[in-house]
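Summary of structural features
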Amino acid sequence: MYQKSLIILKPDAIQRRFVGKIIGRFENAGLKIHAMKFGIMSTKKFRQHYAEHIDKPFYKSLEKYVTSNSVIIFILGGCYAIDKIRLMAGDTMPGKALPGTIRGDFAHQQRTETPGDEMPPPLMNLIHASATIEEAENEINIWFSPNEISDYSMADDAFHGL
Ligand code: CMP
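Presented here is a report on the structure given in the accompanying data block. (Residues numbered from 1 in each chain as written. Predicted model: local features only at pLDDT ≥ 70, side-chain atom pairs only at ≥ 80, totals over all residues. Heavy atoms only, no water.)

A closer look at the overall build of the protein
Quick reminder of the rule: Under the scheme used here, helices are H or I runs from DSSP no shorter than 4 residues and strands are E runs no shorter than 2 residues, and both carry numbers assigned from the N terminus. Atoms counted for the radius of gyration: C-alpha only. Globule rule: 2.2 Å times residue count to the power 0.38. Each residue is placed in one exposure class: buried if its accessible area under a 1.4 Å probe, protein chains only, is under 20% of its type's maximum, exposed if it is over 50%, and partly exposed if it falls in between. Contacts: residue pairs with any heavy atoms within 4.5 Å of one another. For accessible areas, the Shrake-Rupley method is used with a probe of radius 1.4 Å. Any residue's cover is judged against the shown protein chains and nothing else. Only four residue types enter the tally: Lys and Arg on the positive side, Asp and Glu on the negative side, with His and both chain ends excluded. Every charge is mapped onto a representative atom, which is NZ of Lys, CZ of Arg, CG of Asp or CD of Glu.
Scanning the protein for helices and strands turns up seven helices and four strands. Walking the protein from its N terminus toward its C terminus, one meets helices and strands in the order β-α-α-β-α-α-β-α-α-β-α. Scaling as 2.2 N^0.38, a compact globule of 162 residues should have a C-alpha radius of gyration of about 15 Å, and the protein matches this with 16 Å. The buried share of the protein, reckoned over its 162 residues, is 43%. At a minimum sequence separation of 6, the contacts of the protein that also span at least 24 residues come to 78%. For the protein, the computed accessible surface area is about 9,000 Å², with 55% contributed by carbon and sulfur atoms. Where the 19 positive side-chain charges of the protein centre and where its 19 negative ones centre are 5 Å apart.

Let's talk about helix α2 (residues 19-28)
Counted only if it meets this: As used here, the arc is the angular range of directions from the helix axis to the C-beta atoms.
Along α2, the residues that are buried comprise Ile22, Ile23 and Phe26. The arc enclosing the buried residues of α2, seen along the axis, measures out at 90 degrees, which places them on a common side. Exposed positions of α2 whose direction lies more than 90 degrees from the buried face are Gly20, Glu27 and Asn28. Once α2 finishes, Gly30 follows within two positions and takes phi at roughly 85 degrees, a positive value.

Here we look at the site of the ligand
Put simply, the test is: Residues are counted as near a molecule or strand when any one of their heavy atoms sits within 4 Å of it. We define a polar contact as two N or O atoms separated by no more than 3.5 Å, with the added condition that, inside protein, one atom must be a possible hydrogen donor and the other a possible acceptor, whereas residues neighbouring each other in sequence contribute only through side-chain atom pairs. Three classes are used: nonpolar for Ala, Val, Leu, Ile, Met, Phe, Trp, Tyr, Cys and Pro, charged for Asp, Glu, Lys and Arg, and polar for all others, with Gly counted as polar.
In the region of the ligand, twelve residues are neighbours, and Lys10, Tyr50, Phe58, Asn125 and His128 sit closest. Within the contact set of the ligand, an oxygen atom lies 2.6 Å away from a side-chain nitrogen or oxygen of Tyr50. Asn125 has a polar side-chain atom sitting 3.2 Å from an oxygen atom of the ligand. Calculation on the ligand without its partners gives an accessible area of 450 Å², and the protein chains cover 84% of this total. Residue composition of the shell around the ligand, by class: five nonpolar, four polar and three charged.

Examining the environment of Asn28
Here Asn28 lies in helix α2. Linking Asn28 and Ser150, residues 122 residues apart in sequence, is a C-alpha distance of 20 Å.

Digging into unusual backbone geometry
For Arg17, which is not a glycine, the phi torsion comes out positive at approximately 60 degrees. Structurally, Arg17 is set in the loop between α1 (11-15) and α2. The backbone of Leu126 shows a phi angle near 70 degrees, a positive value even though the residue is not glycine. By the secondary structure assignment, Leu126 is in the loop between α6 (102-106) and β4 (127-129). Take Leu126: its relative accessible area is 0%, and that puts it in the buried class.

What about the pairing of strand β1 (residues 2-9)?
For clarity, the cut-off: Two strands pair if DSSP finds at least two bridges between them.
Of all the eight residues making up β1, six are buried; the element is thus mostly covered by neighbouring parts of the structure. Here β1 runs beside strand β3 (residues 71-79); their pairing, made up of eight bridges, is antiparallel. Pairing of Leu9 across the sheet is with Ile72, part of β3. Pairing between β1 and β4: three bridges, direction antiparallel. Each residue of the ladder has a partner; that of Leu9, found in β4, is Ile127.

Structure follows, in structure tokens:
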């Protein structure tokens, strides 16, 4: 089943020079880039994208982290792309992410929280990827208009069952 997912390479992925390595993994997995943007996320778009986390204790520090510097936002498509990409990204918590996953191989962050901190340090986990089909549709609509999304064939589509 062909699916599209919304991916964000967060500021730490760019500042630590992991862009090529991460996108290379997605290309090797047979995923296709349908759209891509680079820039600093506005607070307004951040709030739309992360609306479900607004009441979480980490929301403020997440906003500061994700809007602090440029991000790369893109749409990847492929066979069962949503679950595939989440597996490739690894556990949200870098300390729990398995070796071989993006977070398990590159994030490694040990976070120290002081109880009662007004703004605990952010969990720097390099990447965001849509969790479900509904979330992917909603996130794609937040970041891209239909005329910014390209559908095209790849030389190896047949190899990937497309
Ligand atoms: P992401 O996949 O972008 O989706 C929500 C983000 O919230 C997540 O990655 C983390 O960056 C952040 N997040 C989730 N859980 C926690 C947590 N327990 N503490 C701090 N940040 C978190």
